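# Structure assessment
Listed below, chain by chain, are the residues.
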Amino acid sequence: MRWTWMALGLVACSSGTSPESDTDVTTPTPTPEPTPTPVPTTQKSEVVQLQTRDEVTLEADFYDAGVDGSPAFVLLHMIPPGNDRTNWPTDFMELLVDNGWSALAVDRRGAGGSDGVASEAYTGPNGKFDVEAAVSFLSDRGATDLVLIGASNGTTSLLDYAVWAGGEGLPEPVAVGFMTGGNYTENQNAMKTLPQIPAVFTYSTAESAWSDAQKPLDPGSWSFLEYANGSHGTRMFGDKPDVRTDLVDFFSGVLDAPE
């Protein structure tokens, strides 16, 4: 059963005057105001602080599905410092929550509200520590199945963590998403070292070369979603809105599959 936690706002109807001035002294019983109609508001996120093992403080938005043991997503934005967690549309994260999944959109080091050196997010060994801090936060909140989605060179840290986690005894992702992977994805690790877990690739026809090159590595659980006239990374959400439901459909097939 899926749960969505929403706040309820009250919309009051007004005649443009106050109740006192609206009362006619010749009328024994004033007409009561209409009963306010409750309407849902958008899912609100919680701003949280994360600490990496190399003592970098990161900032993130946490969207809590409110279900103990629910799956959870780590969202890794495009190249810092010019991009940050606001790259992820709120309605996409709310869609994840609507499916009973929590989501954590992280400012990678050197971006947004996070400390650190931006280039370390994708060059060298430290970018994976950002993912580790995010995964640790979600695990402490009771998340079970963990999914990583990276956009553009957010896929670099995704791959670095996915390759590294098992050998360190850290929680491993059950599935991953590459939103416009490229040669930068493999800065530290080759795609052939990715554990054989389900993966989805989204990319425009104009940038299909790298994703197409990964098809021979497909263990049988990968999905390749090409969009004509699409955009790069999270900009795809703007030009091809269906990518939201395409991603949810893919991960539903993974997370809701019978064990």
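Reference entry: report on the structure contained in this document. A quick note: this is a predicted structure, and the numbers were derived from the prediction, not measured. (Residues numbered from 1 in each chain as written. Predicted model: local features only at pLDDT ≥ 70, side-chain atom pairs only at ≥ 80, totals over all residues. Heavy atoms only, no water.)

### Focus: the pattern of salt bridges
Counted by the stated rule, this structure contains 10 salt bridges. Among the salt bridges present, the one from Asp61 reaches Arg85, with a minimum N-O distance of 3.0 Å. Here Asp61, found in strand β4 (residues 57-63), pairs with Arg85, found in the loop between β5 (72-76) and α2 (90-98); they are 24 residues apart in sequence, far enough to count as distant. By relative accessible area, which is 10% here, Arg85 ends up buried. Among the salt bridges present, the one from Arg85 reaches Asp107, with a minimum N-O distance of 2.5 Å. With Arg85 in the loop between β5 and α2 and Asp107 in the loop between β6 (102-106) and α3 (127-140), the pair connects residues that are 22 residues apart, well separated along the chain. One salt-bridge network, held together by shared partners, links Asp54, Arg109, Glu120 and Asp130. (Salt bridge = Lys/Arg side-chain N within 4 Å of Asp/Glu carboxyl O. Helix = DSSP H or I, 4+ residues; strand = E, 2+ residues; numbered from the N terminus. Buried < 20%, exposed > 50% of the residue type's maximum accessible area, 1.4 Å probe, protein only.)

### Thoughts on α3
The first and last C-alpha atoms of α3 sit 21 Å apart over 14 residues, in line with the 20 Å expected at 1.5 Å per residue. Among the 14 residues that make up α3, 11 are buried, leaving the element largely enclosed by the rest of the structure. Where α3 is concerned, the buried positions are Gly127, Lys128, Phe129, Asp130, Val131, Glu132, Ala133, Ala134, Val135, Phe137 and Leu138. Where α3 is buried, its residues touch β3 (46-51), β4, β5, β6, β7 (146-151) and α4 (154-168). A positive backbone phi angle near 95 degrees is found at Gly142, which sits one or two residues after α3. (Expected span 1.5 Å × (residues − 1). Contact = heavy atoms within 4.5 Å.)

### Thoughts on the nonpolar core
Formed by 39 residues in total, the largest nonpolar core has its most connected members in Leu50, Leu104, Leu138, Phe178 and Phe201. Formed by 28 residues, the second largest nonpolar core is a distinct cluster that contains Met78, Trp101, Val243 and Val248. (Core = buried A, V, L, I, M, F, W, Y, C linked by side-chain atoms within 4.5 Å.)

### Points about the pairing of β3
Inspection of the sheet shows β3 paired to β4 by six bridges, in the antiparallel sense. Looking at the pairing, Gln51 lines up with Thr57 of β4. Hairpin connection from β3 to β4: five residues lie between these consecutive antiparallel strands, with Glu55 at a positive phi of about 65 degrees. (Pairing = 2+ DSSP bridges.)

### Description of the pairing of β7
Within β7, six of the six residues are buried, which leaves it mostly tucked inside the rest of the structure. In β7, alternate side chains face the same way, and those of Leu146, Leu148 and Gly150 on one face and Val147, Ile149 and Ala151 on the other are all buried. Relative to strand β8 (residues 175-179), β7 runs parallel, the two sharing five bridges. Bridged to Val147 within β8 is Ala175. Handedness of the crossover joining β7 and β8 through α4: right-handed. (Right-handed = clockwise from strand over helix to strand, strands pointing away.)

### A look at the side chain of Glu132
Within the secondary structure, Glu132 sits in helix α3. Those residues in contact with Glu132 that lie beyond four places of it in its chain are Arg53, Tyr161, Trp164 and Leu170.

### Regarding the sheet that holds β6
Taken in spatial order, the eight strands of this open sheet run β3-β4-β6-β5-β7-β8-β9-β10, and their pairing is mixed. Lying at the two open borders of the sheet, with one neighbouring strand each, are β3 and β10 (222-227). Averaged over all adjacent pairs, the angle separating strand axes in this sheet is 20 degrees, with direction ignored. Bridge count for β5 against β7 is five bridges, and the pairing is parallel. From the neighbouring strand, Leu75 faces β7, where its bridge partner is Ile149. On top of the sheet, α3 reaches β3, β4, β5, β6 and β7; it is set at about 155 degrees to β5, its chief contact. (Axes fitted to C-alpha atoms, helices over the stretch in contact; angles between N-to-C directions.)

By themselves, these observations are geometric and do not establish any function.
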